[in-house]
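One letter stands for each residue in the lines below.
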Amino acid sequence: MDNVTVFTHPLIQHKISILRDKRTGTNEFRALIEEIAMLMGFEALRDLPLQDVEVETPIETCMTPMIAGKKMAVVPILRAGLGMVNGILALVPSAKVGHIGLYRDEVTHEPHEYYCKLPSPIEQRTIVVTDPMLATGGSAVAAVDFIKQHGGRNIKFMAIIAAPEGLKRLREAHPDIQIYIGHLDRQLNDNAYICPGLGDAGDRIFGTK
């Protein structure tokens, strides 16, 4: 899986284990999602383009590298993906933020779009799509579809927990994007929830069902 990175870093795995615990409260859960996103983002953004710019230090003037071109875009899949945004913005505060709203049909488990707002020009940006859970893969595939339809090309997808079924579906639909996974879980259950998973990420981030 050349385009997939599954993280093994001890800090990421430790924090994911705390996320899984049903006793972890909303405030701690939200903070952990943000911290994990930042740790994952550090690796996911290692290929951002650089250009040398002139800077005057207290000693002398020098040429030194800074991120080149249009700033990147973070595009959370609403609503749970919002929990990962600040972790990425901590690394690249100048990034623009778009939003894609999807809801899942309770019977078919397929996604339906209700909102899509992307920063312009999207085709010139590195785009990081965030969603804590990659379950069936339907929402992830649809979100990347929408971004490509608007001209986005350099796309990365970040999920904290993934099911093999969803990862396979996303890779097959979009083999050209980079996928970053905090942990690959065992399977989906009959209700399309990830097992062992961590429950509904959106409910646990925002404290509402």
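Since this is a predicted model, take the numbers as computed values, not measurements. (Residues numbered from 1 in each chain as written. Predicted model: local features only at pLDDT ≥ 70, side-chain atom pairs only at ≥ 80, totals over all residues. Heavy atoms only, no water.)

## Describing helix H2 (residues 26-44)
- Between its terminal C-alpha atoms H2 stretches 26 Å, which fits the 27 Å expected from 19 residues at 1.5 Å a residue.
- Residues of H2 that are buried: Phe29, Leu32, Ile33, Ile36, Ala37, Met40, Gly41 and Ala44.
- Buried residues along H2 sit against helix H1 (10-20), helix H3 (82-91), strand S10 (154-162), strand S11 (178-184) and helix H6 (201-206). (Helix = DSSP H or I, 4+ residues; strand = E, 2+ residues; numbered from the N terminus. Expected span 1.5 Å × (residues − 1). Buried < 20%, exposed > 50% of the residue type's maximum accessible area, 1.4 Å probe, protein only. Contact = heavy atoms within 4.5 Å.)

## Quick look at the UniProt feature "binding site: 5-phospho-alpha-D-ribose 1-diphosphate" (unreviewed entry) in the protein chain
- Under the UniProt annotation, the feature "binding site: 5-phospho-alpha-D-ribose 1-diphosphate" (unreviewed entry) is placed at Arg79, Arg104, Asp131, Pro132, Met133, Leu134, Ala135, Thr136, Gly137, Gly138, Ser139 and Asp200. For the largest pocket, the lining residues among the annotations just cited are Arg79, Arg104, Asp131, Met133, Leu134, Ala135, Thr136, Gly137, Gly138, Ser139 and Asp200.
- Looking at the element boundaries, Leu134 is found in strand S9 (residues 133-134).
- Leu134 has contacts with Ala140, Phe157, Ala159, Ile161, Ala162, Ala163, Gly166, Leu167, Leu170, Ile181 and Ile194, leaving out every residue within four places of it along the chain.
- Examined against the element boundaries, Thr136 turns out to sit in the loop between S9 and helix H4 (138-149).
- A distance of 3.2 Å separates a polar atom in the side chain of Thr136 from the backbone nitrogen of Gly138. (UniProt positions renumbered as here; feature names shortened; annotations may be inferred. 1 Å grid on protein atoms, 1.4 Å probe; cavity = no way out; pocket = protein on both sides within 12 Å on 5 of 7 lines; lining within 4 Å. Polar contact = N/O pair within 3.5 Å; in protein donor to acceptor, adjacent residues only side chain to side chain.)

## Regarding the pairing of strand S4 (residues 73-78)
- Taking burial as the measure, the six residues of S4 include six buried ones, the bulk of the element.
- As judged from the two bridges shared by S4 and strand S5 (residues 96-97), these two strands associate in the parallel manner. Its bridge partner being in S5, Ala73 is matched across the sheet by Lys96.
- Viewed along the sheet, the connection from S4 through H3 into S5 turns out right-handed.
- The pairing of S4 with strand S6 (residues 99-104) spans two bridges and is parallel. Across the sheet, residue Ile77 finds its bridge partner in S6, namely Ile100. (Pairing = 2+ DSSP bridges. Right-handed = clockwise from strand over helix to strand, strands pointing away.)

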